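Coordinates in review
These are the residues of each chain, in order.
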Amino acid sequence: MKGIFNLIKFVLAISLLFVMIYFSERNNNRNYCKIKEINIEMDENEFVTEDLIHNYLLNNNLHPDSIKINDISFKKIESLLENHPSIKNANVYSDMKGKISIVVFQRKPIVRIQNQKDGYYLDEDGLRMPLSNEYTARMLLVTGEVNSVNQNDLYYLSTFIIKDSFLKRQIVQIDISDSELLMLTQIGEQVEFGRIEEVEQKFDKLKLYYQKGGFQNQEFKILNLKYKNQIVCIKK
């Protein structure tokens, strides 16, 4: 008798499970997804916003709010988001009710390049990143004959500057002419850096100059770092 009772309980449980699955599938075929939250991992720059993500998905017909639960493809949405020029990575997932969560990681530009034809950023991986119509980042600016220097060398130099708190504060612009660099400083002095070579040694000389009282010395307008073991100063 007990065995028959347990068998009935088992059959009822299986039946209930199939009924729940049936109604769940039927609801999934009729119900649409809904974005629950959007998290954006970024630095101080704001190239990516929630509105941008909503509009980008809508314009490409992949907004979850217009897709049924059974038809949603997280991989397609992630691939689309990662094709946006300001997004590095994207993760998309949902709960059983079709409430979608989106996590995007914004690309991090480190220097703005403005040559004679167009402008762009180099990001932290050394890759080109187009300028945004929505946001302009304040950062180190490189102008002039940009194509006369190797992009990898320029990336190395820019990375060296932004990783040094002193140099990052002082150097605001680099102008390039025939592969020679002229750096403009926060306090108004111009630094003739020359070609992108012996980078660490040249910056060590510049930092030593300021450590020895260069900030108080306002009589020089140009500091030339191109010569070995010395700085040539030109008066105003």
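Nothing here was measured: the structure is a model prediction, and the numbers come from that model.

1. A look at the packing of aromatic side chains
In the structure shown here, the tally under the stated rule is 7 aromatic pairs. Residues phenylalanine 160 and phenylalanine 203 carry aromatic rings whose centres are separated by 5.5 Å and whose planes lie at 15° to one another, so their mutual orientation is stacked. Here phenylalanine 203 lies in helix H6 (residues 199-214) and phenylalanine 160 lies in helix H4 (residues 151-162), a separation of 43 residues in the sequence. Among the aromatic side chains, those forming a connected cluster through ring pairs are Tyr156, Phe160, Phe193 and Phe203. The cationic tip of lysine 202 hangs over the ring face of phenylalanine 193; the distance from NZ or CZ to the ring centre is 4.7 Å.

2. Describing the sheet that holds strand E2 (residues 87-94)
For sheets, the rule is that strands pair by backbone hydrogen bonds, running either parallel or antiparallel. Strand order across the open sheet formed by 3 strands is E1-E3-E2, with mixed pairing between neighbours. The strands lining the two open edges of the sheet, one partner per strand, are strand E1 (34-41) and E2. In this sheet, neighbouring strand axes are inclined to one another by 15° on average, regardless of whether the strands run parallel or antiparallel. Relative to strand E3 (residues 99-106), E1 is paired through 7 bridges, and the arrangement is parallel. In the sheet register, isoleucine 40 faces E3, and the bridge partner there is valine 104. In the packing of helix H2 (residues 50-59) onto the sheet, the strands contacted are E1 and E3, and the crossing angle to E1 comes to about 125°. Helix H3 (residues 74-82) contacts E2 and E3 of the sheet and is inclined by roughly 160° relative to E2.

3. Focus: unusual backbone geometry
The residue aspartate 178 is not glycine, and still its phi comes out positive at about 50°. Tracing the backbone through its elements, the reader meets aspartate 178 in the loop between strand E8 (171-177) and strand E9 (180-185). For glutamate 198, which is not a glycine, the phi torsion comes out positive at approximately 50°. In this structure, glutamate 198 sits in the loop between strand E10 (190-194) and H6.

4. A few points about the environment of isoleucine 171
By the secondary structure assignment, isoleucine 171 is in strand E8. Given the relative accessible area of 4%, isoleucine 171 is considered buried.

Parameters and conventions
Residues numbered from 1 in each chain as written. Predicted model: local features only at pLDDT ≥ 70, side-chain atom pairs only at ≥ 80, totals over all residues. Heavy atoms only, no water. Phe/Tyr/Trp six-rings, centres within 6.5 Å; stacked < 30°, edge-to-face > 60°. Helix = DSSP H or I, 4+ residues; strand = E, 2+ residues; numbered from the N terminus. Lys NZ or Arg CZ within 6 Å of the ring centre and 35° of its normal. Pairing = 2+ DSSP bridges. Axes fitted to C-alpha atoms, helices over the stretch in contact; angles between N-to-C directions. Contact = heavy atoms within 4.5 Å. Buried < 20%, exposed > 50% of the residue type's maximum accessible area, 1.4 Å probe, protein only.

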